[in-house]
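# Structural features, examined
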Amino acid sequence: MNERTMQAAHADLLAAIVAALDVPLPSIADTDERLYYRLLEQRACSVRILLRANLAHSRDPWLAASSIRRRTAEEPVTYTPFEFTRDGADR
């Protein structure tokens, strides 16, 4: 890979990591908060495992990004996200 392609591959990998860890805040319900933290922990663990495996085997950032996106899709948001209102009250 040339320098420009490598930069694009690493940028794509970073974008996949950000997307995996950028989950919406939960509503103020206790159940939603627990589900939020569980999801964030699962996704962080998945990213860490996939990156470690990629470093040990292929070292291909495109492959790592694809794997992270696939795993993220398998771990969807299942809680009610926090809703901001115009008057500042939460729902």
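Our subject in this report is the structure included herewith. (Residues numbered from 1 in each chain as written. Predicted model: local features only at pLDDT ≥ 70, side-chain atom pairs only at ≥ 80, totals over all residues. Heavy atoms only, no water.)

Looking at the element boundaries, tyrosine 37 is found in helix 2 (residues 30-56). Placed 14 residues apart in sequence, tyrosine 37 and valine 23 show a C-alpha to C-alpha distance of 9.8 Å. (Helix = DSSP H or I, 4+ residues; strand = E, 2+ residues; numbered from the N terminus.)

With that settled, consider the pattern of salt bridges. Scanning the model with the defined rule gives two salt bridges in all. Between aspartate 12 and arginine 69 there is a salt bridge; the shortest N-O distance is 2.9 Å. With a gap of 57 residues between them, aspartate 12 in helix 1 (residues 3-21) and arginine 69 in helix 3 (residues 61-74) connect regions that are remote in the sequence. (Salt bridge = Lys/Arg side-chain N within 4 Å of Asp/Glu carboxyl O.)

Running from N to C, helix 1 and helix 3 cross one another at 20°; their axes reach a closest spacing of 8 Å. For the element pair helix 1 / helix 3, the angle class is roughly parallel. The handedness of the crossing between helix 1 and helix 3 comes out as left-handed. From helix 1, Thr5, Ala8, Ala9, His10, Asp12, Leu13, Ala15, Ala16, Ile17 and Ala20 reach across to helix 3, where they touch Pro61, Trp62, Ala64, Ala65, Ile68, Arg69 and Thr72. Here the contact of helix 1 with helix 3 is built from residues that sort into 12 nonpolar, three polar and two charged. (Axes fitted to C-alpha atoms, helices over the stretch in contact; angles between N-to-C directions. Parallel < 35°, antiparallel > 145°, perpendicular 65-115°, else oblique. Left-handed = near helix turned anticlockwise from the far one by under 90°. Contact = heavy atoms within 4.5 Å. Nonpolar A, V, L, I, M, F, W, Y, C, P; charged D, E, K, R; others polar.)

So, on to the nonpolar core. Generally speaking, soluble globular proteins have nonpolar side chains that are buried together. Counting residues in hydrophobic clusters, the biggest one holds nine residues: Leu13, Ala16, Ile17, Ala20, Val47, Leu50, Ala64, Ala65 and Ile68. For this core, the secondary structure elements donating two or more residues are helix 1, helix 2 and helix 3. If you tally residues by element for this core, the top one is helix 1, at four residues. With sequence-adjacent residues up to four places away left out, isoleucine 17 is seen in contact with Val47, Leu51 and Ile68. (Core = buried A, V, L, I, M, F, W, Y, C linked by side-chain atoms within 4.5 Å. Buried < 20%, exposed > 50% of the residue type's maximum accessible area, 1.4 Å probe, protein only.)

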